[in-house]
Amino acid sequence: MRTIHRPKGRSELRYRRHLRVRKKVNGTSGRPRLVVFRSLKHIYAQLVDDDRQRTLLGVSDMSEGLVKDKPGKVGAALAVGKLAAAKAKEIGITKVVFDRAGYHYHGRVKAVAEGAREGGLEF
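Residues numbered from 1 in each chain as written. Predicted model: local features only at pLDDT ≥ 70, side-chain atom pairs only at ≥ 80, totals over all residues. Heavy atoms only, no water.

J.: Break down the pairing of strand S1 (residues 33–38) for me, with residues and values.
T.: By the bridge criterion, 6 bridges tie S1 to strand S2 (residues 43–49) in an arrangement that is antiparallel. Directly across from Arg33, in S2, lies its bridge partner Val48. Connecting S1 to the next strand, S2, in antiparallel fashion are 4 residues. One ladder, built from 3 bridges, connects S1 with strand S4 (residues 97–99); its direction is parallel. In the sheet register, Val35 faces S4, and the bridge partner there is Asp99. (Pairing = 2+ DSSP bridges. Helix = DSSP H or I, 4+ residues; strand = E, 2+ residues; numbered from the N terminus.)

Dropping the structure here:
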């Protein structure tokens, strides 16, 4: 007998993981949520205040002022984390909660987190 509501593919599995993570992770004005979105070509990071339902800042690998130290997508992700941390410090944010958005904590997602830590954000 087959399962009726079995997840169909990778995107639906990621979406379900994201829902499980979002049950536990919530951003406040004092400690916003650092959300990562990863496409095949680019990587994006946002700081979100869930209490007021506002995006405080957004950074991508196409943003101005991005300085890549290492080549490739992982190097770009590391730079995105550092840039997000620098912009967060400008608006007075030092502590965040990390939301991996259903992605596995590996590769580019891990690089964004490490770059944000190097930039001075506390998780």
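Let's pick the thread back up.
J.: Quick one: what's the story with the environment of Ala85, residue by residue and with numbers?
T.: Mapping Ala85 onto the fold places it in helix H2 (residues 72–90). Once the C-alpha coordinates of Ala85 and Gly120 are considered, the two residues, 35 residues apart in sequence, prove to be 6.3 Å apart. Those residues in contact with Ala85 that sit more than four places away from it in its chain are Ala116, Gly119, Gly120 and Leu121. (Contact = heavy atoms within 4.5 Å.)

J.: Describe the confidence of the model for the chain, naming the residues involved and giving the relevant values.
T.: Summarising the model, the chain shows a mean pLDDT of 91, and 98% of its residues fall at 70 or more. The weakest mean pLDDT in the chain belongs to helix H1 (residues 10–24) at 88; the strongest belongs to helix H3 (residues 108–118) at 96. (pLDDT = per-residue confidence, 0-100.)

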